[in-house]
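Summary of the model geometry
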Amino acid sequence: MSDTNPAPTPDGWRSVDAYLTETLVEKDSALEHARAAQDAAGLPAIEVVPLTGKLLHLLARMIGARRVLEIGTLGGYSTIWLARAVGEEGRVTTIEAEPRNAAVARRSIDDAGVGARVEIRQGRAAEVLPQLEGPFDLVFIDADKESNTIYLDWAARLGREGTVVVVDNVVRAGRIVDPENHESQVEGVRRSLAMLADDDRFDATAVQTLDAKGWDGFAVALITHPGDSSGGAEPARH
Ligand code: DHB
Ligand code: MG
C-alpha cells in the first residue's frame with residue numbers, strides 16, 4: 001500500500017460521494033422534489049443519501065421483492081426508491097410515528113406517481129407492527145434506534161426464509177465503539193447488532209459509510225429462520 005494515500009477528510013469523502021452520485025444516480029425530479037418538500041416542511045434532513053436510496057432500490061429488485069416493509073417513513077424519500085422497485089403490483093407498507101411527517105410523505109409519494117403502491121401506517125411502529133400481515137420480502141429499519149431490537153424481532157416474524165433486512169445508522173459517527181458512550185440511540189444500535197449476531201433467525205453483516213451525511217453505516221441481514229424467537233415458527237398471523 002502506498003503511504004501517499006490521503007486520510008479521509010469530510011471534504012474528501014463528500015467530494016467522492018458527490019462524484020459517485022453524479023456518475024451513478026440518474027437525476028430524478030420526483031426524488032429531488034421529495035427532499036425539497038421535506039426541507040420546506042422543516043423535517044430533519046436525515047433521509048438516506050441518493051446512493052443508499054438506490055442501493056435499497058437495487059436490493060429490492062435483485063430479490064424480486066413485491067412486498068416491502070419500511071419502519072420510519074420520514075418524508076418518503078427512501079419510500080419512493082423502494083416503491084419504484086416493487087413494480088405495478090408490488091406494495092410498500094411504511095410506518096411513521098409523526099403525523100406531520102406522514103402527511104409530507106403522502107404528498108411526495110403521490111406526486112412521484114407511486115401512491116397506489118404505498119400504504120402509510122401512521123402510528124408507533126411497536127403498535128402498528130402486530131397488526132400487519134406478512135410475509136414481507138424486504139424490511140428497511142430506519143426509525144428510533146432504541147427500538148431496533150423490537151423492529152428486528154418483527155422483521156423475523158413478518159418475514160420468510162430469504163427476507164432481506166436492512167438497518168440504517170449502525171455506526172453513528174463511530175460512537176458505537178466508544179465505551180464511555182451510553183446514549184440511548186447508541187445503546188439501541190449496539191443491542192441490535194448483538195441480536196443480529198446471536199439470534200439464530202438472522203445472518204448479518206454491516207458496512208460503515210462515509211457520505212454526504214457523515215460517518216455512519218448500515219447492517220444487512222438475511223432471515224434464515226423466520227418466526228418468533230422460540231425458533232422456526234411460522235410468522236405470527238393476526
Ligand atoms: C438520525 C436518524 C437517521 O435515521 C439517520 O439516517 C441519521 C440520523 C438521527 O436520529 O440523528
Ligand atoms: Mg437513517
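Residues numbered from 1 in each chain as written. Chains lettered and ligands numbered in written order. Predicted model: local features only at pLDDT ≥ 70, side-chain atom pairs only at ≥ 80, totals over all residues. Heavy atoms only, no water.

1. Quick word on a nonpolar patch on the surface
- Taken together, the side chains of Val16, Tyr19, Leu20 and Leu24 present a nonpolar region at the surface, about 400 Å² in accessible area.
- Residue position: Leu20 is located in helix α1 (residues 10-24).
- By relative accessible area, Leu20 is classed as partly exposed at 33%. (Patch = residues over 30% accessible without salt bridge, like charges linked within 9 Å, V, L, I, M, F, W, Y side chains within 5 Å. Areas by Shrake-Rupley, 256 points an atom, 1.4 Å probe, with all protein chains shown as cover. Salt bridge = Lys/Arg side-chain N within 4 Å of Asp/Glu carboxyl O. Helix = DSSP H or I, 4+ residues; strand = E, 2+ residues; numbered from the N terminus. Buried < 20%, exposed > 50% of the residue type's maximum accessible area, 1.4 Å probe, protein only.)

2. Overview of helix α5 (residues 99-111)
- Between its first and last C-alpha atoms α5 spans 18 Å; for 13 residues at 1.5 Å apiece the expected length is 18 Å, and the two agree.
- Asn101, Ala102, Val104, Ala105, Ser108 and Ile109 are the residues of α5 that are buried. Summarising the axial view, the buried residues of α5 lie within an arc of 165°, below the 170-degree limit, and thus occupy one face.
- Of the surrounding elements, those touching the buried residues of α5 are α2 (29-40), α4 (77-85), β2 (91-96) and β3 (118-122).
- Backbone geometry just downstream of α5 places Gly113 in the positive-phi region, at approximately 85°. (Expected span 1.5 Å × (residues − 1). Arc of directions from axis to C-beta. Contact = heavy atoms within 4.5 Å.)

3. Concerning the coordination of the magnesium ion (ligand 2)
- Within the protein, Asp142 (OD), Asp168 (OD) and Asn169 (OD1) serve as the donor atoms for the magnesium ion (ligand 2), at 2.0 to 2.1 Å.
- The exposure class of Asp168 is buried, given its relative accessible area of 10%.
- On the accessibility criterion, Asn169 (14% relative accessible area) is buried. (Donors = N, O, S within 2.8 Å, 3.2 Å for Na, K, Ca; no water.)

4. Section: the pairing of β2
- In terms of burial, β2 is a largely internal element, five of the six residues being buried.
- Read as a crossover between parallel neighbours, the route from strand β1 (residues 67-71) over α4 to β2 is right-handed.
- Bridging between β2 and β3 involves five bridges; their strand directions are parallel. Within β3, the position partnered with Glu96 by the bridge is Gln122.
- Crossover connection from β2 via α5 to parallel β3: handedness right-handed. (Right-handed = clockwise from strand over helix to strand, strands pointing away. Pairing = 2+ DSSP bridges.)

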